[in-house]
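Commentary on secondary and tertiary structure
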Amino acid sequence: MNFPISIALDSFVKSLSQAPPLIQIGFFFLAWFLLWLPLAIPIAIAMKWRPFEPLQSSQKLPLVASLYGIAPLVLWGVSRVKERDFPTFGVSWDLHLFSSSAIGLGIGAIGILILFGVQTAIGWLHWNLENWKQWLAACLPTLVLGIWIGFTEEWVFRGFCFGEFASDFWSAAIVSSVIFSALHLIWEGRAQIPQLPGLALMGVVLCLAFVQDQNSIGLPWGLHAGWVWMIASLDTAKILRYEATAPEWGTGIDRKPLAGLLGLVFLLAMGILVTRSFT
């Protein structure tokens, strides 16, 4: 016997599975947010954090962990609604996924070192090499963090969001990358605004990597993880010291690489490298 609620739910699920991609993406983030709230509210209260205010390191990890921890559950729900397997979202647990991610990790990490090396050569940046032991100590935990964040965000934004528009690359890349950049405001608030164009460009580069890697998140996952890992480990060890006279337009507003000219040039170079080397 079919109950009215069950019939209505089945009808809603069927309608949603046939809705335009943007509607489906909107419902995905709504469902993700609603499932996160029961976890986020008590954590935010305990951490004394309010949305759209910059997060301290001690506040950020529990909130991010609770949000990203339920992402696979929401993606599983989407796969059930759309009657599709997880590999449709760019994840296929095979050697290709891990080999591509390892290559991307190396390219991403080395790329960040080259970016900071250029700033050093110009005279904008100096290295506190006496902190190398702190950097070594920070490498493993930040590597694990980078791999986890990179995997979750690439699964969501490239595997799912970008994949929904896959027939039109530029529409898919622009929409998914704008969403990707805008949602960073949740964690950093207004302080993140200068980085929004850079984050959007980063998203487009990662979309290119997704397509070049045969619609797999392996390569973008590795690139993303490598960037997070190297920047986070160097920052944690306080191994970088900018000259007071170094221009923010070059190094980035508040010394955030994606808010400066060299950071944007770096991303463009990564995009060219991805399209020329992985065909």
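Residues numbered from 1 in each chain as written. Predicted model: local features only at pLDDT ≥ 70, side-chain atom pairs only at ≥ 80, totals over all residues. Heavy atoms only, no water.

- In the nomenclature of an unreviewed UniProt entry, the protein chain corresponds to CAAX amino terminal protease family protein from the organism Leptolyngbya boryana NIES-2135.

1. Observations regarding the side chain of Ser176
- Of note, Ser176 is situated in helix H7 (residues 169-182).
- The class of Ser176 is buried, set by a relative accessible area of 1%.
- Within polar-contact distance, the side chain of Ser176 engages the backbone oxygen of Ala173 at 3.4 Å.
- Beyond its immediate sequence surroundings of up to four residues, Ser176 is in contact with Phe157, Cys161, Phe162 and Cys207. (Helix = DSSP H or I, 4+ residues; strand = E, 2+ residues; numbered from the N terminus. Buried < 20%, exposed > 50% of the residue type's maximum accessible area, 1.4 Å probe, protein only. Polar contact = N/O pair within 3.5 Å; in protein donor to acceptor, adjacent residues only side chain to side chain. Contact = heavy atoms within 4.5 Å.)

2. Digging into the packing of helix H10 (residues 218-236) against helix H12 (residues 261-277)
- Two elements in contact, H10 and H12, have axes whose closest approach is 13 Å; the angle formed by their N-to-C orientations is 150°. In terms of orientation, H10 and H12 fall into the roughly antiparallel class. Once H10 is placed against H12, the crossing between them reads as right-handed. Only Phe266, Leu267, Met270 and Val274 of H12 make contact with H10, whose side of the interface consists of Leu219, Leu223 and Trp227. (Axes fitted to C-alpha atoms, helices over the stretch in contact; angles between N-to-C directions. Parallel < 35°, antiparallel > 145°, perpendicular 65-115°, else oblique. Left-handed = near helix turned anticlockwise from the far one by under 90°.)

3. Here we look at the side chain of His224
- Structurally, His224 can be placed in helix H10.
- Once residues lying within four places of it in the same chain are set aside, the contact partners of His224 are Ile149, Gly150, Glu153, Glu154, Arg158, Phe180, Met202 and Leu206.

4. Remarks on the environment of Glu248
- The residue Glu248 is located in helix H11 (residues 248-251) in this model.
- Separated by twelve residues in the primary sequence, Glu248 and Gly260 place their C-alpha atoms 6.6 Å from one another.
- Contacts of Glu248, omitting those with residues within four sequence positions, involve Ile253, Asp254, Arg255, Ala259 and Gly260.

5. Observations concerning the nonpolar core
- Phe28, Phe29, Trp32, Val156, Phe160, Met202 and Trp227 are the most contacted members of the largest nonpolar core, which has 72 residues in total.
- With ten residues, the single largest contributor to this core is helix H6 (residues 132-164).
- Each of domain 1 (19-84) and domain 2 (92-277) gives at least three residues to this core.
- With residues up to four places along the chain from it excluded, the contact list for Val156 reads Phe28, Phe29, Trp32, Ala71, Leu75 and Cys161. (Core = buried A, V, L, I, M, F, W, Y, C linked by side-chain atoms within 4.5 Å. Domains from an automatic or database assignment.)

6. As for the state of the cysteines
- In this structure the tally under the stated criterion is zero disulfides.
- In this model Cys207 remains outside any disulfide bridge; the closest cysteine sulfur is found in Cys161, 9.4 Å from its own.
- On the accessibility criterion, Cys207 (0% relative accessible area) is buried. (Disulfide = S-S within 2.5 Å.)

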